[in-house]
Amino acid sequence: MWRSILEIWIARLVVVLVVGGFLFTALAWITGRLDERAIKRIVFWSRIGLSLTFLYSGLVKLTNPWYVLATSIVEFKVGITDNSWFLRPLSLAIPWAEVVIALLLLFPLRWVVLSTGAVLMAFLSLGVASELRGMQVTCGCWGGTMLVGPLWFGEHGGMFLMALAADEVLAKRVFTGKDLIKELIR
């Protein structure tokens, strides 16, 4: 029970932090203070926020029995069933992968940030697919009790936006507008 409550509050915290980051960025942009130093801070704190989120997620999953995450994976109905031979190895590997991602995010490695964004986009796609099919699915994110719904989409969408903001090259292009139009047209 306490994990369910904690899971909801952590998701709300992620949403609040992302909204706060947007407000900070918007205010800096409006006042003309969105310089290179501010962009580097946004990139840095986005990476730290993602790292902490993935670390917490991985550690929570490591303290749960493997079948809690396995149940969540099966509920998404993506071709993995209770009898799939790789369900248990996948359920055991995901928490460790999240811990590794969390540690790698502490370093300014662009491929890690972009890979993390791709992973988050995959999670969002699974959530959208389950919503479009009218399914009620519990996410295995932070203990396996949160339903995929508005809070889940806010939290995962926020994490995806943090991944975009954590890429220094993309952040500089978006926030300064330098060559962005040319890049989009190509």
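Structural notes, computed from the coordinates. Keep in mind it's a predicted model, so treat the numbers as computed, not measured. (Residues numbered from 1 in each chain as written. Predicted model: local features only at pLDDT ≥ 70, side-chain atom pairs only at ≥ 80, totals over all residues. Heavy atoms only, no water.)

Time to look at the packing of helix α2 (residues 36-63) against helix α7 (residues 168-176). Between α2 and α7, the least distance of the axes is 10 Å, while the angle of their chain directions is 135 degrees. With respect to α7, the element α2 is oriented oblique. In the packing of α2 onto α7, the handedness of the crossing is right-handed. Along its contact with α2, which presents E36, I39, K40, I42 and V43, the element α7 presents E168, A171, K172, F175 and T176. Looking at the contact of α2 with α7 residue by residue, the classes come out as 5 nonpolar, 1 polar and 4 charged. (Axes fitted to C-alpha atoms, helices over the stretch in contact; angles between N-to-C directions. Helix = DSSP H or I, 4+ residues; strand = E, 2+ residues; numbered from the N terminus. Parallel < 35°, antiparallel > 145°, perpendicular 65-115°, else oblique. Left-handed = near helix turned anticlockwise from the far one by under 90°. Contact = heavy atoms within 4.5 Å. Nonpolar A, V, L, I, M, F, W, Y, C, P; charged D, E, K, R; others polar.)

With that out of the way, let us pick up the packing of α2 against helix α5 (residues 110-132). At a closest axis distance of 12 Å, the pairing of α2 and α5 adopts a crossing angle of 55 degrees. Looking at the two axes, α2 sits oblique to α5. Judged by the sense of rotation from one axis to the other, the crossing of α2 with α5 is left-handed. For the pair α2 and α5, the contacting residues are R47, L50 and F54 in the first and V113, T116 and L120 in the second. When its residues are assigned to classes, the contact of α2 with α5 shows 4 nonpolar, 1 polar and 1 charged.

Just distances and angles here, no functional claims.
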